[in-house]
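# Architecture and fold: a report
Below, each chain spelled out in residue letters.
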Amino acid sequence: MTVMEQRGAYRPSPPPAWQPRTDPAPLLPDAEPYRVLGTEAAAKADPGLLRRLYAELVRGRRYNAQATALTKQGRLAVYPSSTGQEACEVAAALVLQDRDWLFPSYRDTLAAVARGLDPVEALTLLRGDWHTGYDPHEHRIAPLCTPLATQLPHAVGLAHAARLKGDDVVALAMVGDGGTSEGDFHEALNFAAVWQAPVVFLVQNNGFAISVPLAKQTAAPSLAHKAVGYGMPGRLVDGNDAAAVHEVLADAVRHARAGGGPTLVEAITYRVEAHTNADDATRYRGDAEVDAWRDHDPIKLLEHELTTRGLLDDAGIQAARDAAETMAADLRERMNQDPVLDPMDLFAHVYAEPTPQLLEQRAQLQAELEAEGETP
Amino acid sequence: MTTVAVKPATMAQALTRAMRDAMAADPTVHVMGEDVGTLGGVFRVTDGLAKEFGEDRVTDTPLAEAGILGTAVGMAMYGLRPVVEMQFDAFAYPAFEQLISHVARMRNRTRGTMPLPITVRVPYGGGIGGVEHHSDSSEAYYLATPGLHVVTPATVADAYGLLRAAIASDDPVVFLEPKRLYWSKDSWNPDEPQSVEPIGRAVVRRSGRSATLITYGPSVPVCLEAAEAARAEGWDLEVVDLRSLVPFDDETVCASVRRTGRAVVVHESGGFGGPGGEIAARVTERCFHHLEAPVLRVAGFDIPYPPPMLERHHLPGVDRILDAVGRLQWEAES
């Protein structure tokens, strides 16, 4: 006779005890994006850091403009501009130590440049002479990642491996608002929290995934709220306030380095330009909206703070602009030279040792090139 | 290290031993996946490794295949050699983007500066009575992706040797484990020195003169059985075990076909768009003037993997192979 057949024999007992795994309160983001510029908190900011952020913002804005111009000249296949988002790009780069790793998405060329990567090498992918132009180990910058959010689990794995080896390394991974809808975003945050990996996730919420606005991307109160479900803190910050982004990221990096685990940071910003040169932004947003954000510009905000507080004068502004112009001129000149490509490189980096099949194909291409007179 | 010799050993034990020896020899080798730690894997292939090497090196991950492989990418970027278990063939599909967009091409994307020495173990194929999503033959997806090595053992000794070679490889290897051979036994002695050959060599499992059966993984024992049965029909069949689909050993395969003049490719996965079409084309291109008949294929049907009570009708068996061998007595239509 089974329990079910013994009518009346079953006495319900209280369910086994349940308790939340984590107190959600400290994980919740602030109600308002955190701001420094124009607030009392700015007085506590390091003037040297603010001036450095300013110089990098000005240089970054010029870089965006120059790269966009290069697409119009046909020198770049495509350039996803980060104009308007420079505060996030620069802060992400400057907050890291040399030994740390940056995991950029395709829009984060500027973060890589601000971390020290050669501006020309940073554009190799977008020019089209190779997929990643640089050695990731040189500046600890993972390859610019085109598939959305797939670089986030890489950041988790790298940070986890570093900690297993006893190294004091933090990984900072960048993703857009659209990328937070991808499965890899979820899996990366979940792994990071379970493993307590020293990772910082920076979401640049620039309002649109190409043309789709945030309201059609998520029903969450904010993207930072998503952190709570994984058991990590979520921080909300004004992404156009370079000092605020830097401070919030610095807190998160410190927390991660000290063994406190990952943080999800949502930076509220805006993509002033179109998604790429292939996009028509007038189809999905109006001038008034763009103008409002142009006014809340990261360079204007920081410049106003610095000049008001006597930390920057006209000469300083001019010096920053001159430095940016020098960078742009150098970039223009070097990008106007045709890259020297070796077609045989097609077979050089598929396997450590080419397969017999690739050796045959390599010989075929070699013969074709010789027939065309392209090789001596 | 002293071990208790289990004689005869199973393929599962040889795989376990391969991982244990690799971990003992190289502290950067890490095993990770769902259930690989405390449980020792649903097939017990990682049995005992967590106890011996600790949770940091044999990690029970969250249940998420893209996350498992994606974090393995990051670990490899930092100098580790992850050995990743995908629990079942059809459970590996969420990890496809990581495999194809990153694992297979990181070396290429970075001009050789960031190779990824990852081994992805995938239990694959039918014959164990698994319910839906537990018996796919997914090798065609993997071999179509440049940058991956794709290997599959058919013997206990090869299970050990090929897995050691895969873990030692500086390139990613999709290591396909024929589930129904996990419990196949052999007189393999784990206490003897084991040979670890480079990936990419096929072997002749049985010499013959009348035709070549080209096969791999779970179909190798079936082909050997068919070759024995064919003797009664007067056929002396050679059986070539590919062991590696990528790289493909044209040399061994074509040498055999040139000797016999006839060939049948045998595999469980569907024939349309399957490995057999590629192999038949390669053999035809290289051995056309030696061929006495078209290269035939004996494959699974082009259907979703069938329910367990019907799978015996799908899997290429001895009779279907013998039928194809009979058709090798080919005469051109006049």
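No experiment lies behind these values; they were computed from the predicted model shown. (Residues numbered from 1 in each chain as written. Chains lettered and ligands numbered in written order. Predicted model: local features only at pLDDT ≥ 70, side-chain atom pairs only at ≥ 80, totals over all residues. Heavy atoms only, no water.)

### A closer look at unusual backbone geometry
With omega at -5°, the peptide bond leading from B:Val246 into B:Pro247 counts as cis. Structurally, the position occupied by B:Pro247 is in the loop between strand 12 (244–246) and helix 9 (250–260). Even without glycine at this site, A:Ala149 takes up a positive phi of about 70°. By the secondary structure assignment, A:Ala149 is in the loop between helix 5 (136–139) and helix 6 (151–164). We note that B:Arg44 has phi near 65°; this positive angle belongs to a residue other than glycine. (Helix = DSSP H or I, 4+ residues; strand = E, 2+ residues; numbered from the N terminus.)

### Considerations on helix 12 (residues 318–327) of chain B
Residue and element names in this part refer to chain B. All buried positions along helix 12 are accounted for by Val318, Ile321, Ala324 and Val325. On an axial view of helix 12, the arc spanned by its buried residues comes to 130°, and they lie on one face. On the buried face of helix 12, the contacting elements are strand 10 (211–215), helix 8 (219–230), strand 11 (237–241), strand 13 (263–270) and strand 14 (296–300). (Buried < 20%, exposed > 50% of the residue type's maximum accessible area, 1.4 Å probe, protein only. Arc of directions from axis to C-beta. Contact = heavy atoms within 4.5 Å.)

### As for the domain arrangement of chain A
Each domain of chain A was delimited in the assignment, giving domain 1 (24–339) and domain 2 (341–375). Each of domain 1 of chain A and domain 2 of chain A has a C-alpha centre, and these two points are 38 Å apart. (Domains from an automatic or database assignment.)

### Considering the sheet that holds strand 3 (residues 58–60) of chain B
All names here are of chain B. Ordered by their spatial adjacency, seven strands build an open sheet running 3-2-4-5-7-6-12, and the pairing between neighbours is mixed. Single-partner strands in this sheet number two, and they are strand 3 and strand 12. Adjacent strand axes in the sheet meet at a mean angle of 20°, parallel and antiparallel pairs treated alike. Where strand 6 (residues 149–151) lies against strand 12, two bridges are found, and the strand directions are antiparallel. When the bridges of strand 12 are listed, valine 151 appears paired with serine 244. Across the sheet, helix 7 (residues 156–168) lies against strand 2 (29–33), strand 4 (81–85), strand 5 (119–124) and strand 7 (173–178), angled at about 160° from strand 7, the strand it touches most. (Pairing = 2+ DSSP bridges. Axes fitted to C-alpha atoms, helices over the stretch in contact; angles between N-to-C directions.)

### Details of the environment of B:Asp21
All names here are of chain B. In this fold, aspartate 21 is placed in helix 1 (residues 11–25). Using a relative accessible area of 13% as the deciding quantity, one classes aspartate 21 as buried. If we ignore the near neighbours within four places in the chain, the residues touching aspartate 21 are Tyr160 and Arg164.

### Looking at the UniProt feature "domain: Dehydrogenase E1 component" (unreviewed entry) in chain A
In this numbering, the UniProt entry assigns the feature "domain: Dehydrogenase E1 component" (unreviewed entry) to residues 65–342 of chain A. In this annotation, residues 65–342 of chain A is assigned 44% helix and 11% strand; the end-to-end C-alpha distance for the span is 30 Å. (UniProt positions renumbered as here; feature names shortened; annotations may be inferred.)

### Some details on the interface of chain B and chain A
Contacts between the two partners involve 46 residues from chain B and, on the opposite side, 47 residues from chain A. Of the roughly 3600 Å² buried at the junction of chain B and chain A (both faces included), carbon and sulfur atoms supply 61%. On the chain B side of the contact with chain A, B:Tyr78, B:Arg109 and B:Arg111 bury the most area, a combined 22% of that side's loss. Here chain B and chain A share one salt bridge between them. Here A:Glu360 and B:Arg286 are joined by a salt bridge, their closest N and O atoms 3.1 Å apart. At the boundary of chain B and chain A, one finds 20 residue pairs in polar contact (both at pLDDT 80 or more). When residues of the side of chain B that touches chain A are traced back to their parent elements, those giving at least two are strand 2, helix 3 (65–77), helix 4 (96–103), helix 5 (106–109) and helix 10 (275–287) of chain B. Taken together, the residues that form the side of chain B that touches chain A break down as 17 nonpolar, 18 polar and 11 charged. (Buried area = accessible area lost by both parts, 1.4 Å probe. Salt bridge = Lys/Arg side-chain N within 4 Å of Asp/Glu carboxyl O. Polar contact = N/O pair within 3.5 Å; in protein donor to acceptor, adjacent residues only side chain to side chain. Nonpolar A, V, L, I, M, F, W, Y, C, P; charged D, E, K, R; others polar.)

### Comments concerning the pairing of strand 7 (residues 263–268) of chain A
All names here are of chain A. When you tally the buried positions in strand 7, you get five out of six residues, the bulk of the element. In this structure, strand 6 (residues 234–238) lies alongside strand 7, joined through five bridges in parallel fashion. Among the inter-strand pairings, valine 237 is bridged to a residue of strand 7, identified as alanine 267. With respect to chirality, the unit in which strand 6 leads through helix 9 (residues 242–257) into the neighbouring parallel strand 7 is right-handed. (Right-handed = clockwise from strand over helix to strand, strands pointing away.)

### A look at the confidence of the model for chain B
Looking at chain B, the pLDDT average stands at 95 and 97% of residues meet or exceed 70. Interface confidence in the predicted complex, given as ipTM, is 0.94; pTM for the same model is 0.95. (pLDDT = per-residue confidence, 0-100.)

### Looking at the side chain of B:Asp171
Looking at where B:Asp171 falls in the secondary structure, it is placed in the loop between helix 7 and strand 7. Separated by 2.7 Å, the side chains of B:Asp171 and B:Arg107 make a polar contact. Setting aside residues no more than four positions away along its own chain, B:Asp171 makes contact with A:Tyr351, A:Ala352, A:Glu353, B:Arg107, B:Leu116, B:Pro117, B:Ile118 and B:His149.

### Topic: the pattern of salt bridges
Residues and elements named next belong to chain B. The final tally for this structure, using the stated rule, is 43 salt bridges over all chains. We note a salt bridge from arginine 20 to glutamate 52, for which the minimum N-O separation is 3.4 Å. Taken as a pair, arginine 20 in helix 1 and glutamate 52 in helix 2 (residues 49–53) lie far apart in primary sequence, 32 residues in all. Note that arginine 259 and glutamate 238 form a salt bridge whose closest N and O atoms lie 2.7 Å from each other. Within this pair, whereas arginine 259 is found in helix 9, its partner glutamate 238 is found in strand 11, the two being separated by 21 residues in sequence. For arginine 259, a relative accessible area of 52% corresponds to the exposed category.

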